Amino acid sequence: MKKFLSILLALPLLVSFTSCHDDDNLPQVKINVTYASPVVDHAVYVVKPDTFKVESVNVVALRPGHVATNGPVSYWFNGVSLGTSFAPPFGIKIPTENLSVGSYFMTMEMTVLEEGCEMATLTSSVKVCVVEDESEIPESAGGETRSMPVEYTIR
């Protein structure tokens, strides 16, 4: 009986040394985020009291011939959880009338799936600037855009 008990006690230790994670097989994707507000110099601008809107979030595989998709997107605004969008296009609306003028960070976290790769979690943050007047939005050298390349961490 002691042998059986010692084997049972050692089993979790043995399993902890076994790794199933292969960092070389993580998805290689590009994330596309579209906003209802202008994007200038890697920041999204919204005029108070307008609602800040993320219109869509999706991922595209970077490897030729691969297909990628994302799951539900969870949102945080300056570290406060806003909830999760479960249905495509995975957007969210954030009222700004109670926010002070200034800069904030919105974080998005989602599951990413790519054909032939492990399931992974993608986390990305974007700067959101709340301004009093549209004249406070800086001019963009490339013209007005509603999306931008997003940097992210994948694990």
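Preceding this section is the structure that the text describes.
To start, this report covers the structure provided alongside it. (Residues numbered from 1 in each chain as written. Predicted model: local features only at pLDDT ≥ 70, side-chain atom pairs only at ≥ 80, totals over all residues. Heavy atoms only, no water.)

**Some remarks on the overall build of the protein**
Here is the rule we go by: We count a stretch as a helix when DSSP gives it H or I for four or more residues in a row; a strand needs E for two or more, and each element gets its number in order from the N terminus. Throughout this description, buried means an accessible area under 20% of the type-specific maximum (1.4 Å probe, protein chains only), exposed means over 50%, and partly exposed covers the range between. In what follows, a contact means two residues having at least one pair of non-hydrogen atoms within 4.5 Å. Areas reported here follow the Shrake-Rupley algorithm with a probe of radius 1.4 Å; residue values treat only the protein chains shown as occluding.
The secondary structure content of the protein amounts to one helix and ten strands. Reading the helices (α) and strands (β) of the protein from amino to carboxyl end gives α-β-β-β-β-β-β-β-β-β-β. In the protein, buried positions account for 35% of the 155 residues. The contacts in the protein between residues at least 6 apart in sequence include a share of 71% that link residues at least 24 apart. Summed over its atoms, the accessible surface of the protein is roughly 9600 Å², and 57% of this surface lies on carbon and sulfur atoms.

**Notes on the side chain of Glu114**
For Glu114, the location among the structural elements is in strand β7 (residues 102–114). The contacts of Glu114, once residues within four sequence positions are left out, are Pro27, Gln28, Val29, Ala61, Arg63, His66, Val67 and Ala68.

**Here's the deal with the packing of aromatic side chains**
To keep things clear, this is the line we draw: For Phe, Tyr and Trp, where Trp contributes only its six-membered ring, two rings pair if their centres lie within 6.5 Å, and the inter-plane angle classes them as stacked under 30 degrees, edge-to-face over 60, or tilted in between.
This structure, assessed with the given rule, holds two aromatic pairs. Ring geometry for Tyr35 versus Phe52: centroids 6.0 Å apart, planes at 25°, classification stacked. Linking Tyr35 in strand β1 (residues 29–40) with Phe52 in strand β3 (residues 52–61), this pair joins segments that are 17 residues apart in sequence. Judged by centre distance (5.3 Å) and plane angle (25°), the rings of Phe77 and Tyr104 are stacked. Residue Phe77 is located in strand β4 (residues 68–77), and its partner Tyr104 is located in strand β7; the two are separated by 27 residues in the primary sequence.

**Concerning unusual backbone geometry**
For residues other than glycine, phi is negative in most cases, and the peptide bonds are mostly trans. Cis rather than trans, the peptide bond between Lys48 and Pro49 has omega equal to 10°. The residue Pro49 is located in the loop between β2 (43–47) and β3 in this model. Note that the residue after Pro88, namely Pro89, is joined by a cis bond; omega there is 15°. Positionally, Pro89 belongs in the loop between β5 (80–85) and β6 (92–94). Even without glycine at this site, His42 takes up a positive phi of about 60°. In this structure, His42 sits in the loop between β1 and β2. Backbone geometry places Asn78, a non-glycine residue, at a positive phi of 55°.

Such coordinate-based values are descriptive only and should not be taken to indicate function.
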